[in-house]
Amino acid sequence: MADSSTQSIVIAAPPSEVTAVICDFPRYPEWADAVKRVEVVEEYEDGYPARVRFVLDASVMTDEYTLAYEYAEDISRIEWHLVEPSRMQKVQNGSYDIEDNGDGTSTVSYTLEVELSVGMLGMFRRKAEKMIMDAALTQLKRRVETLDGTR
């Protein structure tokens, strides 16, 4: 059974800059350490990615999988799910909720639910989830704040 976890971080940029980085999937290998290759497989009519294929190499875990994305009308929520089971994952559901703090910063809440195809003790699974979520949020924050409106 998959467990869901949520973590949040404040990023010194408006929501539009945060969502621009999140939705620029082909550039993920430039800033997301474990992501080695990304391909937008299908787009919506408005140009937002609908299906995205990822190749991960996190040293202890490698995987290839495709995620289907959906977006709130104002892009304040970006959510995804695993299209079909991969070598390492049975289930992956997630979302970014981006809140405008009204002071030029945004609070990004990252929710992730993963069920692995391989067995893992609960204690190790929770530690791995925390590491994945911490890395995802801190790497996103660094990327957005480094770009600082230069997109």
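Residues numbered from 1 in each chain as written. Predicted model: local features only at pLDDT ≥ 70, side-chain atom pairs only at ≥ 80, totals over all residues. Heavy atoms only, no water.

As for the overall build of the protein chain
Okay, step 1: Helix and strand counts for the protein chain stand at three helices and seven strands.
Okay, step 2: For the protein chain, buried positions account for 40% of its 151 residues.
Okay, step 3: If you take every contact in the protein chain between residues at least 6 apart in sequence, the share linking residues at least 24 apart comes to 49%.
Okay, step 4: For the protein chain, the computed accessible surface area is about 8500 Å², with 51% contributed by carbon and sulfur atoms. (Helix = DSSP H or I, 4+ residues; strand = E, 2+ residues; numbered from the N terminus. Buried < 20%, exposed > 50% of the residue type's maximum accessible area, 1.4 Å probe, protein only. Contact = heavy atoms within 4.5 Å. Areas by Shrake-Rupley, 256 points an atom, 1.4 Å probe, with all protein chains shown as cover.)

Some words on the pattern of salt bridges
Okay, step 1: In total, this model carries eight salt bridges according to the counting rule given.
Okay, step 2: Lys-90 serves as the salt-bridge partner of Glu-115, at 4.0 Å between the closest nitrogen and oxygen. One end of the pair, Glu-115, is in strand S7 (residues 106-116); the other, Lys-90, is in strand S6 (residues 89-100), and 25 residues separate them in sequence.
Okay, step 3: The residue Lys-141 makes a salt bridge to Glu-145 at a minimum N-O spacing of 2.9 Å. Of this pair, Lys-141 and Glu-145 both sit in helix H3 (residues 122-147), four residues apart, which is roughly one turn of the helix.
Okay, step 4: Relative accessible area serves as the criterion here: at 25%, Lys-141 is assigned to the partly exposed category.
Okay, step 5: Each of Arg-27, Glu-30 and Arg-143 takes part in salt bridges that share partners, so that together they form one network. (Salt bridge = Lys/Arg side-chain N within 4 Å of Asp/Glu carboxyl O.)

So, the nonpolar core
Okay, step 1: Core analysis: the largest hydrophobic core is formed by 37 residues, its most contacted members being Phe-54, Tyr-69, Val-108 and Leu-140.
Okay, step 2: Ranked by residues supplied to this core, first place goes to H3 with six residues.
Okay, step 3: Contacts of Leu-140, omitting those with residues within four sequence positions, involve Ile-11, Val-18, Val-21, Ile-22, Trp-31, Tyr-96 and Val-108. (Core = buried A, V, L, I, M, F, W, Y, C linked by side-chain atoms within 4.5 Å.)

Such coordinate-based values are descriptive only and should not be taken to indicate function.
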